[in-house]
Structure formats: C-alpha cells, structure tokens
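# Breakdown of the fold
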Amino acid sequence: MAPHTEQLTRSAVRLRGLTRSFGGRTVLDGIDLDIPAGQFTALLGHSGSGKSTLLRAVAGLDHEVEGSGQLTAPERVSVVFQDSRLLPWRRVLDNVLLGTEGKEAAAKGREALAEVGLKGRERAWPSELSGGEAQRAALARSLVREPELLLADEPFGALDALTRIRMHGLLRELWERHRPSVLLVTHDVDEAVALAERVLVLEEGRIGVDVVIDRERPREEYREVLLGALGVTSDVR
Ligand SMILES: Nc1ncnc2c1ncn2[C@@H]1O[C@H](COP(=O)(O)OP(=O)(O)OP(=O)(O)O)[C@@H](O)[C@H]1O
Ligand SMILES: [Mg+2]
C-alpha cells in the first residue's frame, strides 16, 4: 500500500508498519512511530541502518514503500540534506525563494536569511559561500516554507566542529521560535543528546531504542545508553 498523507492535529508523523526492501533485502521492517506536533526527535543508527530511507519515506519522496506502511505527515514539510543542494545558477535569495511566489515571499526570504546570519548575502552566488554558509542558506530555504515538519538528514555532517556547534545553537533557537516538529538524522550521539527531546536508534529495521531526554539528568547517562545500543564499548570510546 502506498503511504498517504493527511493532516493530523496531534501527531506530526504517524507510521504504522512501514516497510521498505531493496532487491529482496528488508531495510525497514514494519516501523511504528509517532512524533507529536512540535517535538524535536533525533534518529541515530549505524551507517546503512536505513535512516535516510526512513526520512525519505516520511518526506513522501519514496513511492515504493511496501507492506502495510501508513504514513501521515503535515502538509508543510521541509527537508534539509547533508549537502546544501543550492542551485549554482541562482543567487542565494533566489535559491531560498525557489518554488514560492509573490512579494511577501521575497520579504520572508530576506528575513529567513537574516535569521541564519546571511543578511547582505542575498545576491551572492552559491559558489561564493563557504560550506557552513551554504548549509545556513539551505536552512533558510526550509524556513521560508514555515514547515510544520522539518526533516534533516545529517545536515551538519560536512561542517567543521566550530561551525557545527554554531549550527546546533541556530537550529535549537529556530526550533524554539517556530516550534516545528523536527526529525534530525545523525550518527553523532552527542549531537542527538544536545539537541533533541527524544532520541531513537534504528536497529535491524526497527526502532530499537526510544528515549526521552530529561534535561535535569546528566547527558553522560544518555550517552552510555545510546553508545551501548550502537555497540560502542567503553574501551573504544
Ligand atoms: N535506492 C536504493 N537501492 C538499493 N539499495 C538502497 C537504496 N537506497 C538505500 N539502499 C540500501 O538500504 C540500506 C539503508 O540505506 P540508508 O541510506 O537508509 O542508510 P543510512 O542509515 O542513511 O546510512 P548512512 O549513515 O551511511 O547515511 C543500505 O544498505 C543501502 O545500500
Ligand atoms: Mg543516510
């Protein structure tokens, strides 16, 4: 059954038995998942565990989801990928505005660029931006759509440590201000624990761990549990 999308007031994402196979190999094996509206969720998992596959399915970009997969997601969904995917032949503001129309959109685009610290760079070409700036422009592009659901697939993976920390702060800030539901794919346990309210681990096609992060508790406790779930033992940490 193909996934279908409908507006739900309480869940931003609702998956029932989501299954995806490639050439007879099952990558997602009957996933059940609810993400309440406004929740910031991080998804961890080994390379090849199916994180991007799951995100693509939630984004509605995968039309070959099989089984009894049922997916409901909000109408306004934005996706941010590991690389910024800016079109090189369009200036930064035009990239941000891609697919939007009208004067109001242009004003919002400028505002979004200002929010990510790129005021004054509206007319720059993507090739003139650093990696971090391009990623921020991509974030601005997703914000212009005022997403109810922000899906991000390792959006900071290619950035240096310092830019990464700045981007973490920016994403948290934007989330606090706009309150979209967020599903952030990462393989960085510290990033997940620092940013999210809830952390999932994808293992063998299922959600193996599902923890709510209590900010009152030491982060180290969550690191231990999550690193353990990922099979990282203390002697290699
Ligand atoms: N279009 C495709 N055709 C065939 N196999 C695919 C396709 N897309 C994904 N796969 C396979 O599905 C598995 C999960 O891939 P996926 O990209 O979801 O992993 P991931 O958890 O995002 O990994 P990474 O952390 O390396 O990005 C992999 O074994 C991959 O080879
Ligand atoms: Mg991936």
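Residues numbered from 1 in each chain as written. Chains lettered and ligands numbered in written order. Predicted model: local features only at pLDDT ≥ 70, side-chain atom pairs only at ≥ 80, totals over all residues.

## Examining the overall build of the protein chain
This is how it is decided: In DSSP terms, a helix is any run of H or I states spanning at least four residues, a strand is any run of E spanning at least two, and both are numbered starting from the N terminus. Values of the radius of gyration come from C-alpha atoms, whereas the globule rule sets the reference at 2.2 Å times the count of residues to the power 0.38. Counting other C-beta atoms within 10 Å of its own, a residue is labelled buried from 20 upward, exposed at 12 or fewer, and partly exposed in the gap between, with every C-beta atom placed from the backbone. Whether two residues are in contact depends on their C-beta atoms, placed from the backbone: they are in contact if these lie within 7 Å.
Looking only at helices and strands, the protein chain has seven helices and nine strands in total. Whereas a compact globule of 237 residues would reach a radius of gyration of roughly 18 Å, the protein chain reaches 18 Å, a difference of no more than 12%. Overall, the protein chain is about 45 × 45 × 35 Å in size when its C-alpha atoms are taken along their principal axes. Split into buried and exposed, the 237 residues of the protein chain put 37% on the buried side. Partitioning the intrachain contacts of the protein chain with sequence separation of at least 6 by distance along the chain shows that 71% fall at a separation of at least 24.

## Topic: the pairing of strand β2 (residues 25-36)
Within a regular strand, side chains alternate between the sheet's two faces. Selection rule: Pairs of strands are assigned from DSSP output, requiring at least two bridges between the strands.
Here strand β1 (residues 11-22) pairs with β2 via nine bridges, running antiparallel. Bridge pairing links R14 to D34 in β2. The hairpin turn running from β1 into β2, its antiparallel successor, is two residues long, and G23 in that turn takes a positive phi close to 55°.

## A closer look at the site of ligand 1
Cut-off, in case you're wondering: All residues are tested the same way: a C-beta atom is placed from the backbone, and lying within 6 Å of a molecule or strand makes the residue near it. As a working rule, the residues Ala, Val, Leu, Ile, Met, Phe, Trp, Tyr, Cys and Pro are called nonpolar, Asp, Glu, Lys and Arg charged, and the rest polar, with Gly in that last group.
Contacts to ligand 1 come from F22, V27, G45, S47, G48, S49, G50, K51, S52, T53 and H187. At three residues, the largest contribution of residues to the shell around ligand 1 is made by helix α1 (residues 51-59). For the shell around ligand 1, the class distribution of residues is two nonpolar, eight polar and one charged.

## A few points about the sheet that holds strand β3 (residues 40-44)
Put simply, the rule is: Every angle, taken between N-to-C directions, lies between 0 and 180 degrees, and every axis is a line fitted to C-alpha atoms, over only the stretch in contact when it is a helix.
Taken in spatial order, the six strands of this open sheet run β5-β6-β7-β3-β8-β9, and their pairing is mixed. Edge strands, defined here as strands with exactly one partner in the open sheet, are β5 (77-80) and β9 (206-212). Direction aside, the axes of adjacent strands within the sheet are offset by 15° on average. For strand β6 (residues 149-153) and strand β7 (residues 181-185), the ladder comprises five bridges, and the chain directions are parallel.

## Some points on the packing of helix α3 (residues 102-115) against helix α4 (residues 131-144)
Let me state the cut-off plainly: Here is the rule for angles: anything less than 35 degrees is roughly parallel, anything more than 145 is roughly antiparallel, 65 through 115 is roughly perpendicular, and the remaining ranges are oblique. If you view the pair so one helix is near and one far, a crossing is left-handed when the near helix is turned anticlockwise from the far one by less than a right angle, and right-handed when it is turned clockwise.
It is at 9 Å that the axes of α3 and α4 come closest, and there the two elements cross at 140°. In terms of their interaxial angle, α3 and α4 are classed as oblique. Once α3 is placed against α4, the crossing between them reads as right-handed. The segment α3 lies against α4, with A105, K108, G109, A112, L113 and E115 engaging A140, L143 and V144. Taken together, the residues that form the contact of α3 with α4 break down as six nonpolar, one polar and two charged.

## Remarks on α3
The test is simple: Multiply 1.5 Å by the residue count of a helix minus one, and that product is the helix's expected span.
Look at α3: 20 Å from first C-alpha to last across 14 residues, which is about the 20 Å you get at 1.5 Å a residue. At the C-terminal side of α3, G117 shows a positive phi close to 80°.

## Notes on unusual backbone geometry
For residues that are not glycine, phi is negative in most cases, and the peptide bond is trans in most cases. Not every positive phi belongs to a glycine, and R179 is a case in point at roughly 50°. Positionally, R179 belongs in the loop between α5 (161-178) and β7. Of note, the phi angle at E204 is positive, near 50°, even though the residue is not glycine. Examined against the element boundaries, E204 turns out to sit in the loop between β8 (198-203) and β9.

## Looking at the environment of S142
The residue S142 is located in helix α4 in this model. Through-space distance from the C-alpha of S142 to that of G30 is 29 Å; in sequence the pair is 112 residues apart. Beyond its immediate sequence surroundings of up to four residues, S142 is in contact with S78, V80, P147 and L150.

## Describing the confidence of the model for the protein chain
Applicable threshold: Values of pLDDT, ranging from 0 to 100, describe the predictor's confidence in every residue of the model.
Looking at the protein chain as a whole, the pLDDT averages 88, with 92% of positions reaching at least 70. In this model residues 1-8 is a low-confidence stretch, pLDDT under 50, and it forms 17 contacts with partners more than four residues away in sequence or in other chains.

## Focus: the environment of A196
When you line up the elements, A196 lands in the loop between α6 (189-195) and β8. On a C-alpha basis, the gap between A196 and I165 in space is 14 Å, while along the polypeptide they are 31 residues apart.

## Focus: the pairing of β5
Burial of β5 is two-sided: the residues V77 and V79 facing one way and the residues S78 and V80 facing the other way are all buried. Taken together, the four bridges between β5 and β6 define a ladder with parallel strand orientation. Of the residues in β6, the one forming a bridge with V77 is L149.

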